[in-house]
Amino acid sequence: MNVANGMQDKVALVTGAANGIGKEIAKVFFDNGARVVIADLNLAAAQAVASEFDPTGARALAVAMDVTSEEQVDAGIAAAAARMGGIDVLVSNAGIQIVGPVDDFSFSDWKKMLAIHLDGAFLTTRACLKLMYAQQRGGSVIYMGSVHSKEASKLKAPYVAAKHGLIGLCKVVAKEGAAHGVRANVICPGFVRTALVEKQIPEQSAALGISEADVVSKVMLKDTVDGEFTTVNDVAQTALFLASFPTNALTGQSIVVSHGWFMQ
Ligand code: NAD
């Protein structure tokens, strides 16, 4: 068993990898020898990330992909696999946040949230599983859950519902994928100070009628053991461990990385 160099020459596709957590995961995989596919809605930003990692393009490829589009996911993953030599690791990470109380939440925003978080996870999983099964060299599927895969917070109904749903999807993929050596796991981060969270601070301040400083200390980090944000690298190192793990012993699991906010 060798976790240490498990990414060497693997091909990893990360959705939402032009920014934030996804970008750091792609960087850590790249630094550990993987070929990486930066799949994102924002092609220009994805191309900038790919050329930042590898200006030659040999080991980093940008792909335009809206994860809610069946056509774009299927075409983007097929093109990436053809160019990079298959897909060994999928990180289904693309996500957004829209906050508001349930009684006032628009149906269109509800559907938008579920489309990105759940439809996107399903579509990318389906496309990658077909390749992984055909390649016959196993694989690893990692879903970006959240502490909100386990816990609830006010104002986040569709996010909490979708992130809980990812654990169900993961468990089914773990059972179906096992015969093909494909593992599936969920990472559940606490608050990470990316653009997604920066946007929420003033929104929650307005919705809850408290200061932005109080949103951070009394809402976001209130239940952590040390009042600290989780970092993109904390999450990326967990992804590296899960992606590199060599056997079906670690599958169907959800790992919380949250400074103790949530303890199982
Ligand atoms: P981010 O806003 O920094 O980056 C998200 C990326 O996803 C962007 O590059 C964006 O262009 C891309 N994207 C958005 N919609 C897309 C779509 N339809 N198709 C393809 N790409 C799309 O966000 P982040 O904080 O890095 O979040 C990444 C994931 O981590 C999300 O699933 C989020 O729910 C999860 N998460 C974040 C935190 C946190 O505190 N930041 C905590 C737990 C879980």
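Right above here is the structure, for reference.
Below you will find a few notes about this structure. (Residues numbered from 1 in each chain as written. Predicted model: local features only at pLDDT ≥ 70, side-chain atom pairs only at ≥ 80, totals over all residues. Heavy atoms only, no water.)

1. Describing the overall build of the protein chain
Point 1. Across its full length, the protein chain carries eight helices and seven strands.
Point 2. Scaling as 2.2 N^0.38, a compact globule of 264 residues should have a C-alpha radius of gyration of about 18 Å, and the protein chain matches this with 18 Å.
Point 3. Its C-alpha atoms give the protein chain principal-axis dimensions of about 55 × 35 × 30 Å.
Point 4. A buried classification covers 52% of the 264 residues belonging to the protein chain.
Point 5. As presented, the protein chain carries roughly 11,300 Å² of accessible surface, and 55% of it is formed by carbon and sulfur atoms.
Point 6. Of note, the protein chain has its 22 positive side-chain charges centred 5 Å away from the centre of its 25 negative side-chain charges. (Helix = DSSP H or I, 4+ residues; strand = E, 2+ residues; numbered from the N terminus. Rg over C-alpha atoms; globule rule 2.2 N^0.38 Å. Buried < 20%, exposed > 50% of the residue type's maximum accessible area, 1.4 Å probe, protein only. Areas by Shrake-Rupley, 256 points an atom, 1.4 Å probe, with all protein chains shown as cover. Lys, Arg positive; Asp, Glu negative; His and termini not counted. Charge placed at Lys NZ, Arg CZ, Asp CG, Glu CD.)

2. With respect to the sheet that holds strand E5 (residues 139-144)
Point 1. Read across the open sheet, the seven strands follow the order E3-E2-E1-E4-E5-E6-E7; overall the sheet is parallel. Each end of this open sheet is capped by a strand with a single partner; those strands are strand E3 (60-64) and strand E7 (253-257). Averaged over all pairs of adjacent strands, the angle between their axes in this sheet comes to 20 degrees, without regard to strand direction.
Point 2. When strand E4 (residues 89-92) meets E5, the two strands line up parallel, connected through four bridges. In the sheet register, Val91 faces E5, and the bridge partner there is Ile142.
Point 3. Docked against the sheet, helix H1 (residues 20-31) engages strand E1 (11-15), strand E2 (35-40), E3, E4 and E5, running at close to 170 degrees with respect to E1.
Point 4. On top of the sheet, helix H4 (residues 107-135) reaches E1, E4, E5 and strand E6 (182-189); it is set at about 180 degrees to E4, its chief contact. (Pairing = 2+ DSSP bridges. Axes fitted to C-alpha atoms, helices over the stretch in contact; angles between N-to-C directions. Contact = heavy atoms within 4.5 Å.)

3. With respect to the site of the ligand
Point 1. Lining the immediate surroundings of the ligand are 29 residues, of which Asp40, Asn93, Tyr159, Val192 and Thr194 lie closest.
Point 2. Listing elements by their share of the shell around the ligand, those giving two or more residues are H1, H4, helix H5 (157-177) and helix H6 (195-208).
Point 3. Among the elements that take part in the shell around the ligand, H6 stands out by supplying three residues, more than any other.
Point 4. Here the shell around the ligand is composed, by residue class, of 16 nonpolar, 10 polar and three charged.
Point 5. Both domains that furnish three or more residues to the shell around the ligand are identified here as domain 1 (11-190 + 230-257) and domain 2 (193-229). (Near = heavy atom within 4 Å. Nonpolar A, V, L, I, M, F, W, Y, C, P; charged D, E, K, R; others polar. Domains from an automatic or database assignment.)

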